[in-house]
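Architecture at a glance
Listed below, chain by chain, are the residues.
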Amino acid sequence: MRVWIIFLRGFVLKIYYPLLMLIGAFLKSKKVIFQSHIVNVNNFLVKQLNYKINKILLLLPHCLQNSKCDVRLTFDVFKCKRCGQCKIKDLIELAEQYDVAISIATGGTIARKVVKELRPDAIIAVACERDLSSGIVDTYPIPVIGILNERPFGPCIDTTVNLKKVEDALKWFMNSKIQEKKL
Ligand code: SF4
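Described below are features of the structure shown in this document. (Residues numbered from 1 in each chain as written. Predicted model: local features only at pLDDT ≥ 70, side-chain atom pairs only at ≥ 80, totals over all residues. Heavy atoms only, no water.)

Topic: the overall build of the protein
The condition is simple: The secondary structure listing takes helices from DSSP runs of H or I that are at least 4 residues long and strands from runs of E that are at least 2 residues long, numbered from the N terminus. Put simply, the radius of gyration uses C-alpha atoms, and a globule should come to 2.2 Å times the residue count raised to 0.38. Three labels apply to residues, based on accessible area from a 1.4 Å probe with only protein chains included: buried if under 20% of the type maximum, exposed if over 50%, partly exposed otherwise in between. Every residue pair with non-hydrogen atoms within 4.5 Å of one another is taken to be in contact.
Across its full length, the protein carries six helices and four strands. The secondary structure elements of the protein, listed N-terminal to C-terminal, are α-α-β-α-β-α-β-α-β-α. For the protein, the C-alpha radius of gyration of 16 Å lies close to 16 Å, the compact-globule estimate for 183 residues. Taken along the three principal axes of its C-alpha coordinates, the protein extends 50 × 45 × 30 Å. Per-residue burial for the protein yields a buried fraction of 44% across its 183 residues. Residue pairs in contact within the protein that sit at least 24 positions apart in sequence constitute 65% of those at least 6 positions apart.

Below, the structure written as structure tokens:
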């Protein structure tokens, strides 16, 4: 069963996703819906298994940071002064509470670099449909739960995220870890 789910996830990400993106190149209005669909299918498949997890990474997009904030967080998110003007403060507190790694990426290249350096066993990623779907594909077979950001001011600026969804994902991986230990 486990092998089949890993295989199915690989099929979805490596074959079904490129196929959908090819169709999306012609049906541009549907592309975001396809990307969101891939994230949902991935999340569903990831949650069908338990994992041996030592290190969880909470990977965030740069656009969550308040655009007026001049603190540079790319290489050290803990430089945040926790003023509460954006959700970065709450996300750092969640990472501390659950003792997981946290990082901010300004784009796909930096995100891949962070994953390569930290080598997490599982990732909770926040991003838009495009970055999330392509990031999940790039990091396969690492289990990733993807959470879409919210964009009240449009794309790429002062975005936000539902903290409960992030915490639920953290709890899910934590429970998975506990169950694995019991086996
Ligand atoms: S919470 Fe942190 S990142 Fe957000 S505006 Fe304040 S100092 Fe900047």
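A few points about the environment of I53
Position of I53 among the secondary structure elements: in the loop between helix 2 (31–46) and strand 1 (56–61). Exposure remark for I53: the relative accessible area of 4% places this residue in the buried category.

Remarks on the site of the ligand
Keep this limit in mind: Whether a residue is near a molecule or strand is decided by its heavy atoms; if any one of them lies within 4 Å of it, the residue is near. Note on residue classes: Ala, Val, Leu, Ile, Met, Phe, Trp, Tyr, Cys and Pro are nonpolar, Asp, Glu, Lys and Arg are charged, and everything else, Gly too, is polar.
Near the ligand lie 13 residues; those nearest to it are C69, C80, K81, C83 and C86. Residues that form the shell around the ligand fall into these classes: six nonpolar, four polar and three charged.

Topic: the nonpolar core
Note the following rule: Throughout, nonpolar core names a set of buried Ala, Val, Leu, Ile, Met, Phe, Trp, Tyr and Cys residues whose side chains join them through atoms within 4.5 Å.
The biggest cluster of nonpolar side chains holds 57 residues, and the ones touching the most others in it are L58, L60, I88, L91, V166 and F173. Setting aside its immediate chain neighbours within four residues, L60 contacts I88, L91, I102, S103, I104, A105 and V126.

Structural notes on a nonpolar patch on the surface
Using the following cut-off: Exposure above 30% relative accessible area and the lack of any salt bridge qualify a residue for a patch; like charges then connect within 9 Å, and the nonpolar side chains Val, Leu, Ile, Met, Phe, Trp and Tyr within 5 Å. Residue-level accessible areas treat just the shown protein chains as cover; the underlying method is Shrake-Rupley with a 1.4 Å probe. The term salt bridge refers to a side-chain nitrogen of Lys or Arg lying within 4 Å of a carboxyl oxygen of Asp or Glu.
On the surface, a nonpolar cluster with roughly 560 Å² of combined accessible area is contributed by W4, F7, L8, F11 and I15. In this fold, I15 is placed in helix 1 (residues 2–26).

Overview of the environment of K164
Along the chain, the position of K164 falls in helix 6 (residues 163–182). On the accessibility criterion, K164 (55% relative accessible area) is exposed.

Here's the deal with helix 1
What counts here: Here, expected helix span is obtained from the residue count minus one, scaled by 1.5 Å. Axes are fitted to the seven residues ending at a residue and to the seven starting at it; the angle between these axes is taken as the bend at that residue.
Here helix 1 is 25 residues long and its end C-alpha atoms lie 35 Å apart, about the 36 Å a rise of 1.5 Å per residue gives. Y16 marks where helix 1 bends most, by close to 35 degrees; the proline P18 follows one to four residues later. Residues of helix 1 that are buried include every one of I5, R9, G10, V12, L13, Y17, L20, M21 and G24, and no others. Structurally, helix 1 contributes buried residues whose contacts are with helix 2, helix 5 (129–139) and strand 4 (144–148).

Some points on the sheet that holds strand 2 (residues 101–105)
Note the following rule: Paired strands are those between which DSSP finds at least two bridges. Comment: axis = line fitted to C-alpha atoms, over the contacting stretch for helices; angle = value between 0 and 180 degrees taken between N-to-C directions.
Sheet architecture is open: four strands sit in the order 2-1-3-4, paired in parallel fashion. Unpaired on one side and paired on the other, strand 2 and strand 4 mark the two borders of the sheet. Here the average twist between neighbouring strands, direction ignored, is 20 degrees. Pairing between strand 1 and strand 3 (residues 122–127): four bridges, direction parallel. Across the sheet, residue L57 finds its bridge partner in strand 3, namely I123.

Remarks on the pairing of strand 3
Just so we agree on the cut-off: A crossover counts as right-handed when, viewed with the strands pointing away from the observer, the path leading from the first strand over the helix to the second turns clockwise.
Among the six residues that make up strand 3, six are buried, leaving the element largely enclosed by the rest of the structure. Neither face of strand 3 is open: one carries A122, I124 and V126, the other I123, A125 and A127, and all of them are buried. Here five bridges tie strand 3 to strand 4, and the two strands are oriented parallel to one another. For V126, the partnering residue across the bridge sits in strand 4 and is I147. With respect to chirality, the unit in which strand 3 leads through helix 5 into the neighbouring parallel strand 4 is right-handed.

Brief notes about unusual backbone geometry
Residue P141 follows Y140 across a cis peptide bond; omega there is 15 degrees. With a phi close to 70 degrees, C156 is a non-glycine residue in the positive phi region. On the basis of relative accessibility, which here comes to 66%, the residue C156 falls in the exposed class. Here the phi dihedral of D158 falls at roughly 45 degrees; this positive angle occurs in a residue that is not glycine. Tracing the backbone through its elements, the reader meets D158 in the loop between strand 4 and helix 6.

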